[in-house]
Amino acid sequence: MLVKDIMTRDVVTIYPDATLKEVGVILKEKRISGIPVVDKDGKIVGIITLTDMLKILSQIYKWREIEKKAPELKLSECFEKEKLEAKVRNIMTKNVFTLEEDRTLEDIMRLMFDRSIHTIPVTKDGSLVGIIGKRDLVYACF
């Protein structure tokens, strides 16, 4: 089985200057776990995933816990403001692993399992043509 046989072809993308709120809305509405980040020419410049979003929430949680001991610091307020104003470019993963559409199921598994990656953009001649997520892999194997 090839990547092109199981990939999702209708890829949702986002620009680097989009807000994290926009990312959150897309992830929720589309029920996806990651979004390729593209430049104005449609070239992949990064990827933003649920894991990236959870890192921000983890930081806010930690600062809230510290703030319980020292409320005058108002640290969580600062992080909440930063969360609202942060751009995709600030937290996206810039070194994106991709697969060409003619690669095999084994190639998908190798990349996902060896690198702990759950969302992989699929390319053809360097252009984005699809995306493979952990759900796609499970559905293809079972």
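Residues numbered from 1 in each chain as written. Predicted model: local features only at pLDDT ≥ 70, side-chain atom pairs only at ≥ 80, totals over all residues. Heavy atoms only, no water.

**Student:** Explain the overall build of the protein residue by residue, including any values.
**Tutor:** Helix and strand counts for the protein stand at 7 helices and 5 strands. When the elements of the protein are put in sequence order from the N terminus, they spell out α-α-β-β-α-α-α-β-α-β-β-α. Burial statistics for the protein: of 142 residues in total, 37% are counted as buried. In the protein, the share of contacts with a sequence separation of at least 24, taken over all contacts with a separation of at least 6, comes to 56%. Total accessible area on the protein is roughly 9,200 Å²; 53% of this is exposed by carbon and sulfur atoms. If the 25 positive side-chain charges of the protein are averaged to one point and the 23 negative ones to another, these points end up 3 Å apart. (Helix = DSSP H or I, 4+ residues; strand = E, 2+ residues; numbered from the N terminus. Buried < 20%, exposed > 50% of the residue type's maximum accessible area, 1.4 Å probe, protein only. Contact = heavy atoms within 4.5 Å. Areas by Shrake-Rupley, 256 points an atom, 1.4 Å probe, with all protein chains shown as cover. Lys, Arg positive; Asp, Glu negative; His and termini not counted. Charge placed at Lys NZ, Arg CZ, Asp CG, Glu CD.)

**Student:** I'd like a rundown of helix α6 (residues 105-115), residues and numbers included.
**Tutor:** Every buried residue of α6 is listed here: Leu-105, Asp-107, Ile-108, Leu-111 and Met-112. The arc that holds every buried residue of α6, seen down its axis, measures 165 degrees, which confines them to one face. Every exposed residue of α6 that faces more than 90 degrees away from the buried side is listed here: Glu-106, Phe-113 and Asp-114. With its phi angle positive at about 55 degrees, Ser-116 sits one or two positions after the end of α6. (Arc of directions from axis to C-beta.)

**Student:** Residues and numbers for the nonpolar core, please.
**Tutor:** Across soluble globular proteins, nonpolar side chains show a tendency to be buried alongside one another. Membership of the largest hydrophobic core comes to 16 residues, with the highest contact counts inside it found for Ile-14, Leu-20, Val-23, Ile-35, Ile-48, Met-53 and Val-88. Formed by 13 residues, the second largest nonpolar core is a distinct cluster that contains Ile-6, Leu-111, Ile-117 and Leu-137. (Core = buried A, V, L, I, M, F, W, Y, C linked by side-chain atoms within 4.5 Å.)

**Student:** Can you lay out the pattern of salt bridges for me, pointing to particular residues and giving the numbers?
**Tutor:** The tally for this structure, following the rule as stated, stands at 4 salt bridges. Close ionic contact of Lys-124 with Glu-101 constitutes a salt bridge, the shortest N to O distance being 3.7 Å. Of this pair, Lys-124 sits in strand β4 (residues 119-124) while Glu-101 is found in the loop between β3 (99-100) and α6, placing the two residues 23 residues apart along the sequence. In this structure, the salt-bridge partner of Glu-106 is Arg-110, at a minimum N-O distance of 2.8 Å. On the criterion of helical spacing, the pair formed by Glu-106 and Arg-110 is a turn pair, its members being 4 residues apart in helix α6. With relative accessibility at 52%, the residue Glu-106 sits in the exposed group. A relative accessible area of 40% places Arg-110 in the partly exposed class. Taken together, the salt bridges that share partners define one network made up of Arg-103, Glu-106, Asp-107 and Arg-110. (Salt bridge = Lys/Arg side-chain N within 4 Å of Asp/Glu carboxyl O.)

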